[in-house]
Amino acid sequence: MTVSIDLTRRLLLGAAASGVSLAFAGRAGAHGPSPGRAKFVVIIARGAMDGLSVIVPQGDPNYVPLRGQIAVADSLALNDGFGLHPSLAGLYGLHGAGQLRYAPAVAIPVRVRSHFDAQDVLENGGEGLRQQTDGWLNRALAATGGLKGLSIGAQTPLILRGAAATSSWAPGGRPEDSDRIASLLQDLYVNDRLLADNLARGLETEAQAMAMGDGMDRVRRNDVSALGAAVARLMTGPEGADLVALSVDGWDTHARQPGQLVTRLTGLDQVVAGLKTGLGADWDRTVVVVATEFGRTARANGTQGTDHGTGSALLLAGGALKPGGLIGDWPTLAENRLFEGRDLAPTLDVRSVFKGVLRDHMGVDRADLDGRVFPGSAAEAPPVEGLV
């Protein structure tokens, strides 16, 4: 059953007073305080996010010579000789509160520079291309039993496809060409196998009534903070989702990278801020991971951009994190340490971070992680210790 719902601010804030709960993609459920379940949000930055501009290696003497005019000169100081891009001011505030960790040199287990192939590996959780037909987050759902999965977007991404039942949700309407960060919000629809016809009709009626009831503006498509808050509402309450997958596009910065990254990172920062605000007390039980399929070249190209690379950065945020900073090792950007003479060399398998969160935060058994969720990864990708 497919239902399109145009969200308004009143609908987002007042849904708890309505006869139909919006929690968990339209499922009806009892209202009341959160039962205190752990939450895990995976944000995929599609298009190869430039990790060297997100987690800036301020202390590496090779960074500025390699990057030239696109080097980030005003990063926000972290620890261990690194800085955070200035457009991530909200995440920097989380760092000050002990709620941000960063891995500056991670990668998938396969060294490819094709977006399609690399995203497949990132989401299928295997050790090679198309070795799995389902996604590791769906297999984690199946391994735990009883947790609820939710995807945000027009289609369920590979990471959440599989045998375990999941739900999906997306804001309605089409992005305008002039939207500042329209790539964050695609042409979306709702397609939830758990939604009965009568509930669908009730939700449509409720949404239309509330949209017309007070004349308030609909949530603007470039209001990504409201998007984060809307997703957060679907995660709260007894029927709220536990594992959520969200994609943000537009990171393929071959030209004019500095300006593009300001736009993308500002949007990402606002999405996380909206999640934090919307989750309320549940934020203290939440981990958000931001990962990408691969990084970008260490050297700038001739169009103030970068090309497809290898190692990139990964971000962890959330109230459930243990205070800390650096995750993994830094390989340096010395010429003789670059991967194939051109890329940041990864020092950490991205699956190790996912496994650390799933084991210690979501309660997935280590045997299930090694044999079912990330098959064949026991030796190559042990879980990172001490994240939560």
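All figures in this text were calculated on a predicted structure; none of them were measured in a lab.

**Student:** Any chance you could explain empty space enclosed by the protein here in plain terms?
**Tutor:** One simple way to see leftover space: roll a probe sized like a water molecule over the atoms. As enumerated under the stated definition, the model contains five cavities of 30 Å³ or more in all. Considering only enclosed or pocket space, the second largest cavity measures out at about 60 Å³ in volume. Around the second largest cavity sit Val106, Ala107, Ile108, Ala291, Thr292, Glu293, Phe294, Ser312, Ala313, Leu314 and Val350, which together line it. Looking at the lining of the second largest cavity, the elements with two or more residues in it are β5 (100–107), β9 (286–292) and β10 (312–317). Tallying contributions element by element places β10 first for the lining of the second largest cavity, with three residues. Of the residues that constitute the lining of the second largest cavity, the class distribution is eight nonpolar, two polar and one charged.

**Student:** Can you walk me through the nonpolar core in this structure?
**Tutor:** Among the nonpolar cores identified, the biggest contains 46 residues, and Phe40, Trp136, Leu314, Leu316 and Leu358 are the most heavily contacted of them. Those residues in contact with Trp136 that sit more than four places away from it in its chain are Phe40, Val42, Leu122, Glu123, Asn124, Gly125, Ile159, Phe354, Leu358, Val373 and Phe374.

**Student:** In this structure, what is going on with the environment of His308? I would like to understand it.
**Tutor:** Within the secondary structure, His308 is located in the loop between β9 and β10. Overall, His308 belongs to the buried group, its relative accessible area being 17%. Sequence separation between His308 and Asp252 is 56 residues; the distance between their C-alpha atoms is 8.2 Å. Beyond its immediate chain neighbours, meaning those up to four positions away, His308 contacts Arg113, His115, Asp252, His254, Phe294, Gly295, Arg296, Thr297, Arg342 and Asp343. Reaching out from His308, the side chain makes a polar contact with the side chain of His115 at a distance of 2.9 Å. For His308, the side chain forms a polar contact with the side chain of Asp252, separated by 3.3 Å.

The rules behind each value
Residues numbered from 1 in each chain as written. Predicted model: local features only at pLDDT ≥ 70, side-chain atom pairs only at ≥ 80, totals over all residues. Heavy atoms only, no water. 1 Å grid on protein atoms, 1.4 Å probe; cavity = no way out; pocket = protein on both sides within 12 Å on 5 of 7 lines; lining within 4 Å. Points joined across faces, edges and corners; volume = space filled by probe spheres on them. Helix = DSSP H or I, 4+ residues; strand = E, 2+ residues; numbered from the N terminus. Nonpolar A, V, L, I, M, F, W, Y, C, P; charged D, E, K, R; others polar. Core = buried A, V, L, I, M, F, W, Y, C linked by side-chain atoms within 4.5 Å. Buried < 20%, exposed > 50% of the residue type's maximum accessible area, 1.4 Å probe, protein only. Contact = heavy atoms within 4.5 Å. Polar contact = N/O pair within 3.5 Å; in protein donor to acceptor, adjacent residues only side chain to side chain.

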